[in-house]
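Residue-level structural notes
So you can see what is in the structure, the chains are spelled out below.
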Amino acid sequence: MTLSIVSQDGTVFNYSHAVASVVSGTDEENGLFGFAVYLNGDTENAIVIAEYDDEERFNEVKKSFIQWLSDNIEPTFEFPS
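Bear in mind the structure is a predicted one, so any value in this text is a computation, not a measurement. Residue positions are given per chain, counting from 1 as you read along its sequence in written order. Restriction of local features to residues with pLDDT of at least 70 applies here, the model being predicted, together with a cutoff of 80 or more for giving and counting side-chain atom pairs; totals for whole chains, interfaces and linings are based on all residues. Side-chain figures throughout are based on the complete set of non-hydrogen atoms in the structure, without hydrogens or water.

Each helix and strand counted, the chain has one helix and six strands in total. By definition, any uninterrupted DSSP run of H or I lasting at least four residues is a helix, any uninterrupted run of E lasting at least two residues is a strand, and each is numbered from the N terminus. In the chain, the succession of helices and strands from N to C terminus is β-β-β-β-β-α-β. Against the globule reference of 12 Å for 81 residues, the chain gives a C-alpha radius of gyration of 12 Å, in line with a compact fold. When its C-alpha atoms are laid out on the principal axes, the chain stretches across 35 × 30 × 20 Å. Here the chain, with 81 residues, has 26% of them falling under the buried criterion. A total accessible area of about 5,200 Å² is found for the chain, and carbon and sulfur atoms account for 45% of it. Atoms counted for the radius of gyration: C-alpha only. Globule rule: 2.2 Å times residue count to the power 0.38. Here the term buried applies to any residue with accessible area under 20% of the maximum for its type, exposed to any over 50%, and partly exposed to those in between, with areas from a 1.4 Å probe on protein chains only. To measure how exposed things are, a 1.4 Å probe is used in the Shrake-Rupley method; for residues, cover is taken only from the protein chains shown.

This is how it looks when you write it as structure tokens:
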């Protein structure tokens, strides 16, 4: 089974083979909270896959994403708007 992540813009990332890591963080200057991926072999260029301007919404999605990573029940995680 292939694990996939679908970004907010509909880009699909193969988590098992293409994604080296997924990071979350804040851009305090712009008031944004988001997630980014680094593709295998490229540890310098992060690709933003989801952004939220509401910290509470960001934390809800982060909790859901961590649960998905822990359980691996569903083969695809799609970041909500």
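Let us look at the sheet that holds strand 4 (residues 32-39). DSSP bridges decide pairing: two strands pair if at least two such bridges lie between them. Across the sheet, three strands lie side by side as 3-4-5; this open sheet has antiparallel pairing. Each edge of the sheet is formed by a strand with only one pairing partner; in this case those strands are strand 3 (19-27) and strand 5 (47-52). Adjacent strand axes in the sheet meet at a mean angle of 20 degrees, parallel and antiparallel pairs treated alike. Two residues form a contact once any of their heavy atoms are found within 4.5 Å. With axes taken as lines fitted to C-alpha atoms, and helix axes fitted only over the stretch in contact, angles between N-to-C directions fall between 0 and 180 degrees. Strand contacts of helix 1 (residues 55-71): strand 3, strand 4 and strand 5, with the helix running at about 35 degrees to strand 4, the strand carrying the most contacts.

The subject of this paragraph is the pattern of salt bridges. Note on pairing: side chains with opposite charge can pair once their charged atoms come close. A pair is scored as a salt bridge if a Lys or Arg side-chain nitrogen falls within 4 Å of a carboxyl oxygen belonging to Asp or Glu. This model, assessed by the stated rule, comprises one salt bridge. Notably, a salt bridge pairs R57 with E60, separated by 3.4 Å at the nearest N-O pair. Here E60 and R57 lie together in helix 1, a separation of three residues that amounts to about one turn.

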